[in-house]
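What follows is the residue order along each chain.
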Amino acid sequence: LLSVKTDSFQGVVITAGTDVGTLYGVFHFLRLLQTHQPLDNLEIRQTPRIQRRMLNHWDNIKGSIEQGFAGRSLWRWEDLPDTLDPRYTDYARANASLGINATVLNNVNADPRILSDEYIRKWAALADVFRPYNIKVYISANFAAPMKNKGIGSLDTADPLDPGVRQWWKQRIEAIYAQAPDFGGFLVKADAEGQPGPRQFGRQFNDGANMLAEALAPHGGVVIWRAFNKDVNNEPDPAERNFQAYAPLDGKFAANVFVQPKNGPIDFQPLEPFHPLFGRMPHTPLLLELQITQEYLGKSVHHVYLAPLWKDVLYSDTCARGDGSIVAQVIDGSLYDRKVSGIAGVANTGSDRNWCSHHFAQANWYAFGRLAWDHTLSAEQIAEEWLRMTFSNAPEFVSVAKGIMMDSWPAAVNYQTPLGLNVVCSGNHYDPSPKTRNGRQYWYADKDTIGLDRTTSGSGAVEQYHSSVANLFNNIDTCPERFLLWFHRVSWQRRLSTGRTLWEELVWRYYDGVRCVENMNRRWAALKRFVDAERFEQITQVRQRHLEHARFWRDTCVSYFQSVNELPMPDFIATEFGEATPPTVTP
């Protein structure tokens, strides 16, 4: 984008080396207009830092969405390919405005029928809609599809080294490219949570991935192999399992295979240390998987702006090639001078009128796209852009609303998983359930101590990180306190940097998290004059539900931990937070 002024012309020139570059330039120009930026001295040159910028949909053929909180699936499979909902074009345009250029249409717990001729025609029609917006379609494939697709040939095995199985995939892939010539490739969840994979046939992950990659390579397709395998190995600590399964396979995957770890070693928790694989697989392209939909962060009720979480992960130092080897450099290819790169976000879109249920949840879709394009952007800048484009450019509104957004993630960490606690939730991943989760695979509280010892004298999980990182986490005196109970078993009486004991600090953080939500709600109420009545009332109602649930988290967890350690409630509950002793809540 270049501002030009001559005797006969004044304007902005938008140019690029390709048509799609011009499209992205136009959307960037529209963003400048919407956010009231000056246009008289523009000189903007941009290229995306990451090559594949993907949404992963967990949509099912039957129309439901796993961990979806915004209505039904956007894809009306029963009407495709003959009827194309106008929202498909709206979806493509919205993604293109952010530079998102790939979408996986179906759930990683994949229905084998998605590879049948009938369904190929359906999703090829979606690919036709998305193509003008430079969005490639990918599909989640069921690894055992050769055994389950009776309409297209049923085998008695899915062994990746079996010649018949390899031929089956070759023929299916040829059928796909005949309908969708720019098909991107497969996303695969294998040997995880009941999903079939190569290990059930005595093979390794690279055997399965490379078999698919070989069939896709002539067409330019790729395999994205999820490194989320809770079922592999028999390690009691789930934080260790994926590393032990994948690190030994580094360099054994085909050139057109990505391994896709989640941001942390367990499962999209409110806060985790970065996944150790990002610092220990130098010979394998890694594609970072983030979660936009808030599976563990209050679903469609809690307002949690996720860009600060993602920035925290992206700028974590792996020390893989010395200090400053951040996760972002691993996935954008710059650390190892790779020409391929990728990032994925598990989508939060659905059939709801506003796409994402909670109006503020739209900000996370937006933030993912902006960070996928340029991970150096700050969370504050992205929040301000979204607020200006969505609600108002009034400085008073933007300043207050941006503060609410930036406070939301730290608050959620405090009232859900302070000091490195994790998986304190019930099976629905929404309500607190410390009693049922008080197991030695996540954390363990007794009368004297709490936390999981992952140090070299405990489970040893800390050794999965580069030695510089491991040494930091391994020493209780240097381990960041926000990860203290993740890596260490700690006495309730240990003094922390605040001067409070561990018990006092845990209680303080639970109460401060709720206090922050209360403050967020008060600040939102003061913005009524800037927002239309319908959206203001909808947001106000869901904010009240958020506050009630945050209090439920606080009271449930604090009551449970006190029942275990039998320590008195700290005096500051009354003096600093102005509250009575919390009610006893059945965990």
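Anything mentioned here points back to the structure above.
Rules behind the numbers
Residues numbered from 1 in each chain as written. Predicted model: local features only at pLDDT ≥ 70, side-chain atom pairs only at ≥ 80, totals over all residues. Heavy atoms only, no water. Helix = DSSP H or I, 4+ residues; strand = E, 2+ residues; numbered from the N terminus. Rg over C-alpha atoms; globule rule 2.2 N^0.38 Å. Buried < 20%, exposed > 50% of the residue type's maximum accessible area, 1.4 Å probe, protein only. Contact = heavy atoms within 4.5 Å. Areas by Shrake-Rupley, 256 points an atom, 1.4 Å probe, with all protein chains shown as cover. Lys, Arg positive; Asp, Glu negative; His and termini not counted. Charge placed at Lys NZ, Arg CZ, Asp CG, Glu CD. Salt bridge = Lys/Arg side-chain N within 4 Å of Asp/Glu carboxyl O. Pairing = 2+ DSSP bridges. Right-handed = clockwise from strand over helix to strand, strands pointing away. Axes fitted to C-alpha atoms, helices over the stretch in contact; angles between N-to-C directions. 1 Å grid on protein atoms, 1.4 Å probe; cavity = no way out; pocket = protein on both sides within 12 Å on 5 of 7 lines; lining within 4 Å. Points joined across faces, edges and corners; volume = space filled by probe spheres on them. Nonpolar A, V, L, I, M, F, W, Y, C, P; charged D, E, K, R; others polar. Parallel < 35°, antiparallel > 145°, perpendicular 65-115°, else oblique. Left-handed = near helix turned anticlockwise from the far one by under 90°.

J.: I'd like to hear about the overall build of the protein chain, residue by residue, with values.
T.: Helix and strand counts for the protein chain come out as 18 helices and 12 strands. Its C-alpha radius of gyration of 25 Å places the protein chain within 12% of the 25 Å reference for a compact globule of 587 residues. With 587 residues in all, the protein chain has 61% of them scored as buried. Pairs at least 24 residues apart make up 71% of the contacts formed inside the protein chain by residues separated by at least 6 positions. When the accessible surface of the protein chain is split by element, carbon and sulfur atoms take 48% of a total near 22500 Å². Looking at charge distribution, the protein chain has the averaged site of its 60 positive side-chain charges lying 1 Å from that of its 65 negative ones.

J.: I'd like a rundown of the pattern of salt bridges, residues and numbers included.
T.: For the structure shown, the criterion picks out 32 salt bridges. Salt-bridge contacts for R489 lead to D446; the nearest nitrogen and oxygen are separated by 3.2 Å. With R489 in the loop between helix 15 (484–487) and strand 12 (490–491) and D446 in the loop between helix 13 (434–437) and strand 11 (449–450), the pair connects residues that are 43 residues apart, well separated along the chain. Using a relative accessible area of 25% as the deciding quantity, one classes D446 as partly exposed.

J.: Talk me through the pairing of strand 6 (residues 185–188); I want residue IDs and the actual numbers.
T.: Relative to strand 6, strand 5 (residues 136–140) runs parallel, the two sharing 3 bridges. Each residue of the ladder has a partner; that of S140, found in strand 6, is L187. Of the pairings in the sheet, the one linking strand 6 to strand 7 (residues 222–226) comprises 4 bridges and is parallel in character. Within the sheet, the bridge partner assigned to F186 lies in strand 7 and is V223. The parallel pair strand 6 and strand 7, bridged by helix 6 (residues 205–216), forms a crossover whose chirality is right-handed.

J.: Give a detailed account of the sheet that holds strand 7, specifying residues and quantitative values.
T.: Sheet architecture is open: 8 strands sit in the order 8-7-6-5-4-3-10-9, paired in parallel fashion. With one partner strand each, in any of the chains shown, strand 8 (257–260) and strand 9 (288–291) form the two edges of the open sheet. Sheet twist, expressed as the mean angle between neighbouring strand axes with direction ignored, is 25 degrees. Looking at chain direction, strand 3 (residues 52–56) and strand 10 (residues 342–346) are connected through 5 bridges and run parallel. From the neighbouring strand, M54 faces strand 10, where its bridge partner is A344.

J.: Please give an account of the environment of Y430 that cites residues and values.
T.: Inspection of the secondary structure puts Y430 in the loop between helix 12 (395–416) and helix 13. Of the residues examined, Y430 reaches a relative accessible area of 18% and is grouped as buried. A sequence separation of 133 residues divides Y430 from L297, and the C-alpha atoms of the two residues are 7.3 Å apart. Apart from residues no more than four positions distant in its own chain, Y430 is found in contact with G298, K299, V301, H302, C425, H549 and W553.

J.: So what about empty space enclosed by the protein? Which residues, and what values?
T.: As enumerated under the stated definition, the model contains 6 cavities of 30 Å³ or more in all. Taken together, 13 residues form the lining of the largest cavity, with F268, Q269, Q291, L297 and L309 sitting closest to its centre. When residues of the lining of the largest cavity are traced back to their parent elements, those giving at least two are strand 9 and helix 8 (307–314). Looking at the lining of the largest cavity, its residues break down into 7 nonpolar, 5 polar and 1 charged. Estimated volume of the second largest cavity: approximately 70 Å³. Around the second largest cavity, the lining residues are F69, A70, I292, T293, Q294, K299, S300, N348, C356 and A361. When grouped by side-chain class, the residues that make up the lining of the second largest cavity number 5 nonpolar, 4 polar and 1 charged.

J.: Provide a residue-level description of the layout of surface pockets, including the pertinent values.
T.: Roughly 590 Å³ of volume is contained in the largest pocket. Only helix 1 (19–34), helix 2 (86–98), helix 10 (362–373) and helix 11 (379–390) provide two or more residues apiece to the lining of the largest pocket. The leading source of residues in the lining of the largest pocket is helix 1, at 4 residues. A breakdown of the residues in the lining of the largest pocket according to their chemical character gives 9 nonpolar, 6 polar and 2 charged. Counted as a void, the second largest pocket has a volume near 420 Å³. G21, Y24, G25, Q46 and W373 are the residues nearest the centre of the second largest pocket, which is lined by 25 residues in total. If you list the elements that add at least two residues to the lining of the second largest pocket, you get helix 1, helix 2 and helix 10. Looking at the lining of the second largest pocket, the element that brings in the most residues is helix 1, giving 7 residues. When the residues that make up the lining of the second largest pocket are grouped by side-chain class, the tally is 11 nonpolar, 10 polar and 4 charged.

J.: Can you tell me about unusual backbone geometry, naming the residues and giving the values?
T.: Following L80, the chain continues into P81 via a peptide bond in cis, with omega recorded as 0 degrees. Of note, P81 is situated in the loop between strand 3 and helix 2. Its identity is not glycine, yet N134 carries a phi of approximately 60 degrees, on the positive side. For N134, the location among the structural elements is in the loop between helix 3 (117–130) and strand 5. Judged by its relative accessible area of 32%, N134 falls in the partly exposed class. A positive phi angle is found at D337, which is not glycine, with a value near 55 degrees. Mapped onto the fold, D337 is located in the loop between helix 9 (327–331) and strand 10.

J.: Which residues make up the packing of helix 11 against helix 12, and what values go with them?
T.: Where helix 11 meets helix 12, the axes come as close as 9 Å, and the angle between the chain directions of the two elements is 125 degrees. Considering their axes alone, helix 11 and helix 12 lie oblique with respect to each other. By crossing handedness, the relation of helix 11 to helix 12 is classed as right-handed. Between helix 11, through A379, E380, A383, E384, W386, L387 and R388, and helix 12, the contact on the second element is made entirely by F397, V398, A401, K402, M405 and M406. For the contact of helix 11 with helix 12, the per-class residue count stands at 9 nonpolar, no polar and 4 charged.

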